[in-house]
Amino acid sequence: MYSEYAEIGGFDVRLSTQSRFDNKIIKKKHVICNRGGKRKEKSCDTLGTNGVRRKQNSNSRVIGCQEKIIFEFVYGTPDYKVFQFDELHNHPLEKRSDLKKRGRCHIQKKSLYMFWADEMEKAYYAEFGDVISFDATFRSKKYRMVFVPFTAIDHHKKSVNIGAGLLSNESIESYSWLLKAFLKTHGKGLTLVLTDQDAVIKQAIEIVFPNSKHRLCMWHIMKKLKNKISDDLLTNTDFRKRLSKLVWDINMKPDVFEVKWGLLMKEFNLEDTRWFKDMFTKCDSWIPGYFNDIAMCGLMKTTSRSESMNSFFNTYSESGNLLLNFMMNYDTAIQKQRNTQRELDKASKKASYKMQTPREIELQASKVYSSTLLFEVQKEIYKASFFCTYSYVGIEDGWEVYIVQHNNTKSEFRNEFKVEIKAEEKEINCSSEHFNSMGVLCKHAFTIMMRCGVKEILERYIMKRWRKDVISRNYHFSSLPSDSGDCENVKLVNDSYYNF
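Residues numbered from 1 in each chain as written. Predicted model: local features only at pLDDT ≥ 70, side-chain atom pairs only at ≥ 80, totals over all residues. Heavy atoms only, no water.

Structural notes on the pairing of strand β9 (residues 159-167)
The buried count for β9 comes to eight of nine residues, which makes it a mostly enclosed element. Pairing geometry for strand β5 (residues 113-116) and β9, over four bridges, is antiparallel. The residue bridging tyrosine 113 from the neighbouring strand is leucine 167, located in β9. When strand β8 (residues 145-153) meets β9, the two strands line up antiparallel, connected through seven bridges. (Buried < 20%, exposed > 50% of the residue type's maximum accessible area, 1.4 Å probe, protein only. Helix = DSSP H or I, 4+ residues; strand = E, 2+ residues; numbered from the N terminus. Pairing = 2+ DSSP bridges.)

Some details on the nonpolar core
The tendency in soluble globular proteins is for nonpolar side chains to be buried as a group. Core analysis: the largest hydrophobic core is formed by 68 residues, its most contacted members being Phe239, Leu243, Phe276, Trp286, Tyr369, Phe446 and Ile457. Setting aside residues no more than four positions away along its own chain, leucine 243 makes contact with Met222, Leu225, Trp261, Leu264 and Phe276. Membership of the second largest hydrophobic core comes to 32 residues, among which are Phe134, Val146, Ile162 and Ile205. (Core = buried A, V, L, I, M, F, W, Y, C linked by side-chain atoms within 4.5 Å. Contact = heavy atoms within 4.5 Å.)

Section: the packing of aromatic side chains
Tallied over the entire structure, the rule returns 20 aromatic pairs. Their ring planes at 65° and their centres at 5.0 Å tell us that phenylalanine 239 and phenylalanine 268 sit as a pair that is edge-to-face. With a gap of 29 residues between them, phenylalanine 239 in helix α8 (residues 237-248) and phenylalanine 268 in the loop between α9 (254-267) and α10 (274-281) connect regions that are remote in the sequence. Accessibility expressed as a relative area gives 15% for phenylalanine 268, which makes it buried. Relative to phenylalanine 386, the ring of tyrosine 382 lies with its centre 4.9 Å away and its plane at 55°, an arrangement referred to as tilted. Here tyrosine 382 and its partner phenylalanine 386 are both found in helix α14 (residues 371-386), four residues apart, which amounts to about one turn of the helix. In this structure an aromatic cluster arises from ring pairing among Phe257, Trp261, Trp275, Phe276, Phe280 and Tyr290. (Phe/Tyr/Trp six-rings, centres within 6.5 Å; stacked < 30°, edge-to-face > 60°.)

Looking at the sheet that holds strand β14 (residues 416-422)
Spatially, β12-β13-β14-β15 is the arrangement adopted by the four strands of the open sheet, whose pairing is antiparallel. Each edge of the open sheet carries a strand with a single partner, namely β12 (388-396) and β15 (427-430). Strand-to-strand, the axes of this sheet are offset by a mean angle of 20°, without reference to chain direction. Here β12 pairs with strand β13 (residues 399-406) via eight bridges, running antiparallel. Opposite glutamate 396, over in β13, you have tryptophan 399 as the bridge partner. (Axes fitted to C-alpha atoms, helices over the stretch in contact; angles between N-to-C directions.)

Focus on the packing of helix α3 (residues 119-128) against helix α4 (residues 172-186)
Two elements in contact, α3 and α4, have axes separated by 10 Å at closest approach and are oriented at 90°. It follows from the interaxial angle that α3 and α4 lie roughly perpendicular. Along the contact surface, α3 presents Glu121, Lys122 and Tyr125, while α4 presents Phe182, Thr185 and His186. Residues belonging to the contact of α3 with α4 are distributed by class as follows: two nonpolar, two polar and two charged. (Parallel < 35°, antiparallel > 145°, perpendicular 65-115°, else oblique. Nonpolar A, V, L, I, M, F, W, Y, C, P; charged D, E, K, R; others polar.)

Points about unusual backbone geometry
Within the chain, methionine 296 stands out as a residue other than glycine whose phi angle is a positive 65°. Looking at the element boundaries, methionine 296 is found in the loop between α10 and α11 (304-314). By relative accessible area, methionine 296 is classed as buried at 1%. One non-glycine residue, lysine 426, adopts positive backbone phi at about 60°. Inspection of the secondary structure assignment puts lysine 426 in the loop between β14 and β15.

Comments concerning the pairing of β13
Counting buried residues along β13, six of its eight residues qualify, which places the element largely inside the surrounding structure. With six bridges joining them, β13 and β14 adopt antiparallel strand pairing. Its bridge partner being in β14, tyrosine 402 is matched across the sheet by valine 419.

Focus: the sheet that holds strand β3 (residues 68-73)
The strand order β1-β2-β3-β4 describes an open sheet built from four strands, whose pairing is antiparallel. For this open sheet the edge positions go to β1 (13-20) and β4 (80-86), each flanked by a neighbour on one side alone. Sheet twist, expressed as the mean angle between neighbouring strand axes with direction ignored, is 20°. Where β3 meets β4, six bridges bridge the pair, whose relative direction is antiparallel. When the bridges of β4 are listed, isoleucine 70 appears paired with glutamine 84.

Here we look at helix α16 (residues 443-451)
Counting buried positions over the nine residues of α16 gives eight, a clear majority of the element. Listed in full, the buried residues belonging to α16 are Lys443, His444, Ala445, Phe446, Thr447, Ile448, Met449 and Met450. Packed against the buried residues of α16 are α13 (360-368), α14, β12, β13, β14 and β15.

Describing α10
For α10, the set of buried residues is Trp275, Phe276 and Met279. Viewed end-on, α10 has its buried residues packed into an arc of 95°, placing them on one side of the element. Among the exposed residues of α10, those oriented more than 90 degrees off its buried face are Arg274 and Thr281. Buried residues along α10 sit against α6 (218-223), α8 and α9. (Arc of directions from axis to C-beta.)

Below, the structure is given as structure tokens:
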């Protein structure tokens, strides 16, 4: 596979040295540029028989190039990992056509897979890997590869990369290998993963992560609507408004959704329309209500973050036509992403926030949450303080039960939610399930907490993933500026696993 990389990059490679264990198993393999090594000096008379000084052979290809990759045996497995990679050459790289003309380019027609994730990306997955998405829309003609970044959401609600892959084709085998490499690198499987409706990806997820929940991108599904209905129905604002409200409602229970879907299909004579029938049979793969039992399910409902991430990386891959250039530009993009996070971390720690209410609970929130999350929590506390009303129901199984209503001035419709609290045990539940889906308490819960004299957010309801110091407090990484030495910037396969 490395020979394929070399062929794309414009140079030849050869096996240099190998070291072995006592049991003869190869410990390390050194593969170097064909122009690497030292030229052997031959003792000879530099003068010809006619007394004319001979010229040195200018065709010698050994010029001491330092490019090399070292593969190291992974103990306890039949695999090898990349131990060291030095990509700098001391000579110009050649065009692929020139290599082929020289007859030294050996291309095997086989699949090439690559996955990599550094220590910081592993930390991001450990803290923010409750919901992820990945997307393969970035297909580079330059590199003949498909780029597959894995995306999560950090404590600032910014997209962060938790690994990436390059595939030479989009087969079930390729995606299965990629997901197995992801699992091997991070050490734990996926809980909830979002993708588009690609059947190959779906099958690969079922093979590698049979216990994970696979969610389809709602935006991609709804985008197809205009091609599935008549022009008259497409321009029917009542139909589109009701359908949109039906499919995007995060609080609607599955049984309620199924009844309302059936009524809507019947009203507009869509019961026998194939696309709507297909989408209904798959409703547990894309309708929000079917995911409410999964923690943090409200973080992502579409793959828009993955697509934005692809676009983000694409802006850094315009220059050069080598895979090497892509990897260097990838590193530049990652450094920019991480610099943004560091700046937001600093701002969250130093910020002096304006309180929206006189509540102590809001002051406490300002000390623990990142700025982005604090603003969201402040909104919930503010609404709880000024726009929510409640009525006491009674005691049920040791829980104090209330009905809370949000008085929305923009709508006559009033949603009511059941809130249960055990103040002494510091437990609270709301039928909106907002905490389960988003990781923060809702206005209904805050209403009853303040009613019961609770002055601080209960510790169990402050999720680690939203704390302002979740990364800086628990992980210590050396900070490399984006313009640091080239060798560091293009260490493209650190902690990567090859099917070698």
